[in-house]
Structure formats: structure tokens, C-alpha cells
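Each chain, written out:
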Amino acid sequence: MKKLVTLLAAGAALTGAAAAQDLAVINGRVVTNTDQGQIENGGVLIRDGVIVSVGASIDVPDGIEVIDADGGWITPGIFAPVTQLGLIEVGAESSTSDSSASDSDFSVALDVEDSFNPNGTYLATSRMEGITRFAIVPSTGHNLFGGRGALGETSGSMDALFDTQSFVFADLSQSGASRAGGSRAAAWAFLEAAFGDARAYPGRYSSGHGDALGRYDAAALVDVVRGRIPLILEVDRATDIRRAIRFAAENVPVQIVIYGGAEAWIVAEELASSGIPVLIDPMRNLPSSFDALGSTLEAAARLDAAGVTVAYTTQTASGYFNPRLLPQHAGNAVTNGVSWDSAFRAITLTPAEIYGVGDQYGALAPGYLADVVVWDGDPLEVMSAPSHVIIDGDQTDLTSRQTRLRDRYADMDDTTPFAYRD
Amino acid sequence: MSLDWKRWTALLAAGLLAACSNGQDSDTDSVASDDGDDADLVRFDLDPYPSTYTPQPSDTTLITGATIFDGVGNEIENGDILIENGRISAIGQGLEAPEGANVVNAAGRFITPGVIDIHSHLGNYPSPSVDAHSDGNELTQPNTAEVWTEHSVWPQDPGFARALAGGVTTLQILPGSGNLFGGRGVILRNVAARTVQEMKFPGAPYTLKMACGENPARVYGGRGSSPATDMGNMAGYRAAWIRARDYRDSWHDHWDDPDNNSAPTRDLELDTLMGVLDGDILVQMHCYRADQMAQVIDMSQEFGYQVSAFHHGVEAYKIPDLLAEADICAAVWADWGGFKMEAYDTIRENLALIHANGACAMIHSDNALNIQRLNQEVAKALSDGRRMGLDISDADAVSWFTSNPARALGIADETGSLETGKRADIVIWSAHPFSTYAHADTVFIDGAVMFDRASGVQPISDFDIGQIGEGDD
């Protein structure tokens, strides 16, 4: 059925008909993520999948479909900056996992676009919780590079990826050091050598081998070395983060993004002045390793106070199953000292900006693509949930395999055999 | 099922073996009368690693003006609680402060019983998770009923203090789930201490961790040994119960008639299983799938023991009728799943559906982060349940992290609810505990303030001291 929908949509596009609905969402607290701030009671007008107006009073054209938020909240869709949605269906079953490739000869060249499954069942469960956009980050395998990531949306479309080869992931933490041969020094030497290979690509490979990377991997790293796409570096220890800052300064125009960042707050000033963004899980507060002894619930507020660009992750939850918990993680940042607006921005507009799409996603403003979520309460409260999720201007289905199971087993008194129920 | 921890304590205090058959309380006296009369009677100490827990000094304290959830289904607006000698001496409205009492104004705030986590690996899989700290699972043979996880618990795990900041006052530490019989669990007060003995809940029963399904089959099947399948798992449990039954009969024969029946040779593994058959050790069974739980229920009836709780119970919502009928609780997550096939059918309404269909339900963490926010986990499950139309009060849902785990741990006479005479294990929350924005402001254990956010009262483990993160929450 999903295939059919895709075909119909493609057919509609060919005939020039508008696929996206025109919609007005009214009567809610509007979180804009712009200078407009929060509008206590307002709405959003969507035409052809694009937001055309946002305000306390919007002109609703006759005949247009209206969604009444009923005093709830109207926000941009949640953007989960680090996930493995669509890469893994059942964690322990390697036959269902496409997140890493330890036995491959390749690393940077691996492209998650080829692994991503838009029919994975956790796209729907994420969408139901208000996640509309996400980045797919591959895990490391052959060496400390995981490969090239992509950006997707959760509508369930077979064409869910809206940006591919969007960034490269590398692990420079203790586990990356282990992969590189056993020490941090080995990891950074490998990274330096890999950059050298990419800079010298293709010339170096016409007559010989790279120092660190094979030809395909070096080719795939060129966009990173030239600063066209970000390099996401997983590091936790404060000294490793300083090393990454230095690496960025020595390798202009590379764009570094720190992921993990357990001790980033310790070097917050340097991060702020270097402009390097950090992707952290605000709920991470255990000294889970000797790299992360400084983990604390205060981290998000301290980074915020220092002016560091911060987006939130669900690093401590499962990356393929529970990115949907991102609003809870942001809510806990608020509980521990971050302002509500800042925390909400860290799961919407800021991640979009980090991935270079902040002019299209993450805010409710004219010209932005219409990812709009209507909630029955404060979206950062654990008891709230979306009542409507609009992606690219289309209302989406808020059911999943999980809700189907729920409904099948909801009534223990019904005598219909379970397998004959819906 | 005999969950009478007081009887257990009494027997321990008398230095006697709990020889009561089938969990009935009739034999206590006759065993006692045997004591000293018969020189050939072989006994052994059931409590060789006794609790040395001593509550911290506490003041007579009146907490006033809060919204109180008592843990057993009641909500009291503008309520007061009086703590005397570490116990709750009164609860209600308009209580009078005794002379000299410390008065805590909790107006606008919320009170619940101390949070109880029935499934934790704090101390046996502690932070930091380095090689030396993997102390939770003796994966050397499928039946390790002989190990006691208290012998693995590292009291300096920094996770205990983080859990306290989330309101946790009592927790069960369990062995891992790679074995059919993982060994004994231990129930702890969440108090910073030098030794596990100083944390052990006085008089709490011992528990036995068992595990269904993929984990044991994967661990041992992967080594080319049994069990390699679900049916191998069942055969492994049943063979062990048969041996345990013989062992128990031999001991009981000996105690009943030592002149004609010599004592069997002590066997640590069978000691634990005998404790289950005698109703003194509570089975905590890791099981995900509905059909697996149904097999275990039949097995428990085959051998005459009671399962106290199924842990994880991802498919418990499919069989609430079977659970209610067998009087077995389910300890579950709010929204974890997908990590293996037997966790594939997870739904967010599991906890609420189990409860609504009349079975005993509770949250559990199995995780050093989730244990810090079990109130939020319950809130998620409650809101999802309500959204599908289940009518469950806030006060009832509070039982999911308080009295229901106390019941499944056999300590409900002592903690898990705010009732006169109970231990004063109390959390004052800054806001409704089902709000993301609620902090545990103050945590009392046995009436003593063990954590207080405003004044900075908090434990700092030896591991944390002198480290970068010292004192941070």
C-alpha cells in the first residue's frame, strides 16, 4: 500500500497537481523559534507544503482544511540529530542491522543511503512522538570512520531521505583510539593521514597508495576536507575536545561537530570561541567511562551559558528505537537549568542549522517547509503527545505496528481470537 | 506463597533453619523445640552475611501542606506526615507538631513514598563500565543458583547517589540474565556505605534471579552446550527443580527425624532452590514473551513454587489474565524494545494495560539512568494508557514505583507506602512527580534526610571524590 501511495504521488507530481495540502492550524500556543518567540494563541497557514504565515491571527482562506489545536501547542517538528533510524530493526539480529561493517574493506565511502530502510517500523513510532526529521549516523567498523550519513524525514515515504552524503562520522574517543591501534595518538595520526590522502586525491592514487585510506575512502573524504560537509567527531574527554578544536584550526575550512561531549562544559569557552557545535545528551550524568568522568546534568546549562551551539541527542537511549525520547531529554535539560526556549531550539532549529538546513526546517516562519506538530500540552512534558504531525505540509498517520498490537490486545473480554482481530 | 519476612527474620534471629514445609507457618514451633534437644541435628546458618544497616539519626519531623500520594491509591490534598523514630507515626490533614519537632513546609509540593526499583544492576555492573567492573553475571554454567550477587556489589558505584537524587530509597540488585538460574538477588537500602552488609534491607527475603528465552540459549548454545533453545531452557530448569526437590526432602527428613535420617551434604546451589520451594526465596524471572511466561507458570505449578514477578515482561499485556490468575506481578519498562526478537512486540501501554486488567504491575529500570527518573517512566506509561481510554488515577499509578515493587519484594509491611508504622521512606518533589520538571527536593530514608537539593546534602562516593565531576549531579 505504501508503494501505491508513492506511485500515486509520483503520478500527481507528473500531472502538475499539488501533492501537499493547504492547511491552517489554529488555536494553540505557537512556538516559532524566530524573533516572534512564542505566540500565546495563534496559528500557522500552510500552502503547497510551505508555511506562508504565522501569527496571533492568520487569515484562513475559505474552504481550507483547518486543524484546531484546541489550546494545545503548535511547534516545528522535532529534528533528531543523531539516530540510526531505518538502519536496525532488531538489535540483536545482525541480519536486520545495517549500521556498521567491520568486515568491509571500506570506511568513509560507506553511504547510509544504501543501508537505510524507510519501511523500518521505528519511523512510525518516532513520527507519532513528533520527530519529523533526523540524521542517520553510521557506526564505525573497519577503522575509526563510520562512513557518510544522511538526513531523512519520518513520513513513511520511500523517498524519505531529503539529503544524502550529508556528513562523515568518525570516532576519536577511547573506542576510536582502540580501533586505530591502541592509543589516542594513533587515532589522531590516522585522522591526519586520512586528511592528507583526501587532500592529495586523486593524484596520490594514480601512482600509489594512500597513507591511511584506499582510493574510494579518500574520494569520499574530499567534501569534508574542503569544508563542504561536516565531520562529526565523537569525543568525550575534555583534552580530546581541545585536540579536536586544534585540529579544526589546523585544517581550515573543515567543519567539525563534536558528538558525545561528556566533558565539553569544561572547555566551553574554547568551544564557544571556535564556533564548534556540540551534540550532547543532557541526561547523561554517570561516569560511564574514564573519558566521561565529568558527565553531569549541569552540562547543557553550562554550555548554554558559555554561548556554545548545542543540539541534544538521545545518546543514552537506543539510536534506532528510541530517538522518540528526544523531547523528554530536552525537558530534563530544562529541569536542570536550561531555558525552555533554548532547550526546544536544541531539538529543532539548532540541529537543522548544524546540518546546513536551518533555513528550511526547525522554525515556524514564512518560507519554511511545513513540518508542524500539534501537541496536547507542553511538548517537553512526558505526559504530552502529538495530536497531529504534519510533514512537508501533509498530515501523517499516527498509528504504528505498536498501536496495532495495543488495539488487538486492548479488550480481554472479547471472545474473537486475537489473530482474527484488526 | 509465603512472603512473611517477619517469620524469616524470627527464624534467622533464632539461628534456625526455615524448615516450614511448603511455605506454611505451622512448623516454626516444632523446629524451635527441636533446637538443643537433639545433638545430631544438623543445621546451617541461613544468614551468614547479615545486614548491619543502621538508620541514620532522624529528628521528629512534621511535613506539612503537601499533596500526598500514599502509594496505595490515595491522594491527600494539603496533607501532613509526621515522622517519629524513623517511622511514619501519622498521616492526614491538620496534624499537630509535637513539641520540638522539625517542621518542613511542603506547601505546593508533592510527596510520595520513596521510589523502589525492583530491577537494578547498580554495584554489580557499576560505573565506570570498565573490564574489572563486569561483576553481574557468572556466565560459566547455566545454573549458578549458588552465587549471591551481594558478593559482587561494589558499594562505591557512583550510580547509587544518582539514584538517590531521583528519589530511590530501596532497590533490588539482581544477577544478569545469561543463565537459567542467575543466582540470588539482594534488596538494599539506598544508603552510601563501606560494605554491602551496611546496605542490606534488614529482614528482607532473599530472591532468585531466573531467566527465560534468548539470553541463556544464546550464551550456552553459542558454546555448543545446553541450553541452546527454549526447550533446552525448560529442560534445564526442570532438571534442577527435580534435584532441588530431592535435596529439600532429604533435609526435611533429617530435620523431622534426625535419628533415622542423616543430613545430606550441603550444596549451595540447591540451598537456594530449596529456599524457593520452601517459599522463603522469591523468584524474580526475566521473561519477555507471553508464551514463555505461560510455560513458566505451568512449571511453577509442576514443582509447587511461586514466581514473584516477571521482569521485562514486554508481552505481559497479552496475558494479564494469566498473570492475575497466577498472582504474579509484571515489572516492565515504559518504552524500551526492539533490541532483540523477544522484545519486538513492545507497546507503550504495557504497564497501564497490565494494571487495568487486574494484574500487579510496576515499573523497573534495569539501567543506571532510568533508575534516576522512574517517576517520569511511570508518567509516560500512565499518559499512554489514559490516551487509549484507560481510567487510572495518579494515586494508583504511584503504586507502580512504590507499593507494587515492595509487594513483589516481600517488604510491603515495611516500606512502599505512607502508612502509620511504616519506615519513613519519603520523597518531597518540587512539582507533580509526573512532570518532567519535577525534582526530588528531599529524600528521607528511615526518617533521616539522606538527600536535600537545597542544602546540598548528598553522598559522594569514594570513586567520585577528587574527580572532575565530584559533587555534580
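Residues numbered from 1 in each chain as written. Chains lettered and ligands numbered in written order. Predicted model: local features only at pLDDT ≥ 70, side-chain atom pairs only at ≥ 80, totals over all residues.

**Details of the domain arrangement of chain A**
Much of the literature gives interface size as the accessible area that the parts lose upon coming together. Residue and element names in this part refer to chain A. For chain A, the assigned domains are domain 1 (2-75 + 378-399) and domain 2 (78-361). The centre of domain 1, based on its C-alpha atoms, is set 29 Å off from the matching centre of domain 2. Every contact between the two is made by 16 residues of domain 1 and, on the other side, 23 residues of domain 2. Among the elements of the structure, α1 (2-14) and β15 (386-391) are those that each provide at least two residues to the side of domain 1 that touches domain 2. Broken down by element, the residue count for the side of domain 1 that touches domain 2 peaks at three residues, all from β15. Residues belonging to the side of domain 1 that touches domain 2 are distributed by class as follows: nine nonpolar, three polar and four charged. (Domains from an automatic or database assignment. Contact = placed C-beta atoms within 7 Å. Helix = DSSP H or I, 4+ residues; strand = E, 2+ residues; numbered from the N terminus. Nonpolar A, V, L, I, M, F, W, Y, C, P; charged D, E, K, R; others polar.)

**Focus: the interface of chain A and chain B**
Opposite the 41 residues of chain A that make contact, chain B presents 41 residues. When contributions to the side of chain A that touches chain B are tallied by element, the ones reaching two or more residues are α10 (326-335) and α13 (401-408) of chain A. Broken down by element, the residue count for the side of chain A that touches chain B peaks at five residues, all from α10(A). Here the residues of the side of chain A that touches chain B are counted per class, giving 21 nonpolar, 15 polar and five charged.

**With respect to the sheet that holds strand β9 (residues 207-211) of chain B**
Residues and elements named next belong to chain B. Ordered in space as β6-β7-β8-β9-β10-β11-β12-β13, the eight strands form an open sheet in which the pairing is mixed. Because the sheet does not close on itself, it has two edges, and the strands there are β6 (115-120) and β13 (361-363). Adjacent strand axes in the sheet meet at a mean angle of 25° when their direction is disregarded. In terms of strand pairing, strand β11 (residues 307-312) meets strand β12 (residues 329-332) through four bridges, oriented parallel. By the bridge assignment, H312 is partnered in β12 with V332. In the packing of helix α10 (residues 374-387) onto the sheet, contacts are made with β6 and β13, and the angle to β13 comes to roughly 130°. (Pairing = 2+ DSSP bridges. Axes fitted to C-alpha atoms, helices over the stretch in contact; angles between N-to-C directions.)

**Regarding the environment of G72(A)**
Residues and elements named next belong to chain A. Its place among the elements puts G72 in the loop between β4 (65-68) and β5 (73-76). Taking C-alpha positions, G72 is 30 Å from Q84, a pair spaced 12 residues apart along the chain. Those residues in contact with G72, other than ones at most four positions away along the chain, are G28, V374, W375, D376, G377 and S387.

**Section: unusual backbone geometry**
Residue and element names in this part refer to chain A. Cis rather than trans, the peptide bond between Y201 and P202 has omega equal to 5°. Mapped onto the elements, P202 comes out in the loop between α4 (184-199) and α5 (203-207). Of note in this structure, N27 is not a glycine but carries a positive phi near 65°. Assignment of secondary structure puts N27 in strand β1 (residues 23-31).

**Structural notes on the nonpolar core**
With 129 residues, the main nonpolar core has I81(B), I111(B), A330(B) and I363(B) as its most contacted residues. Top element by residues in this core is helix α5 (residues 230-256) of chain B. It accounts for six residues. I81(B) has contacts with I63(B), I68(B), I88(B), I91(B), I111(B), L418(B) and I426(B), leaving out every residue within four places of it along the chain. Counting residues in hydrophobic clusters, the runner-up holds 124 residues, among them A69(A), A177(A), A300(A) and L380(A). (Core = buried A, V, L, I, M, F, W, Y, C linked by C-beta atoms within 7 Å. Buried ≥ 20, exposed ≤ 12 C-beta atoms within 10 Å, placed from the backbone.)

**Quick look at the sheet that holds strand β13 (residues 310-312) of chain A**
Residues and elements named next belong to chain A. Read from one edge of the open sheet, eight strands run β6-β7-β8-β9-β10-β11-β12-β13, paired in mixed fashion. The outermost strands of the open sheet, each flanked by one partner alone, are β6 (78-83) and β13. The sheet shows a mean angle of 25° between the axes of neighbouring strands, direction not considered. Here strand β11 (residues 256-260) runs beside strand β12 (residues 278-280); their pairing, made up of two bridges, is parallel. Paired with Y259 across the bridge in β12 is L279.

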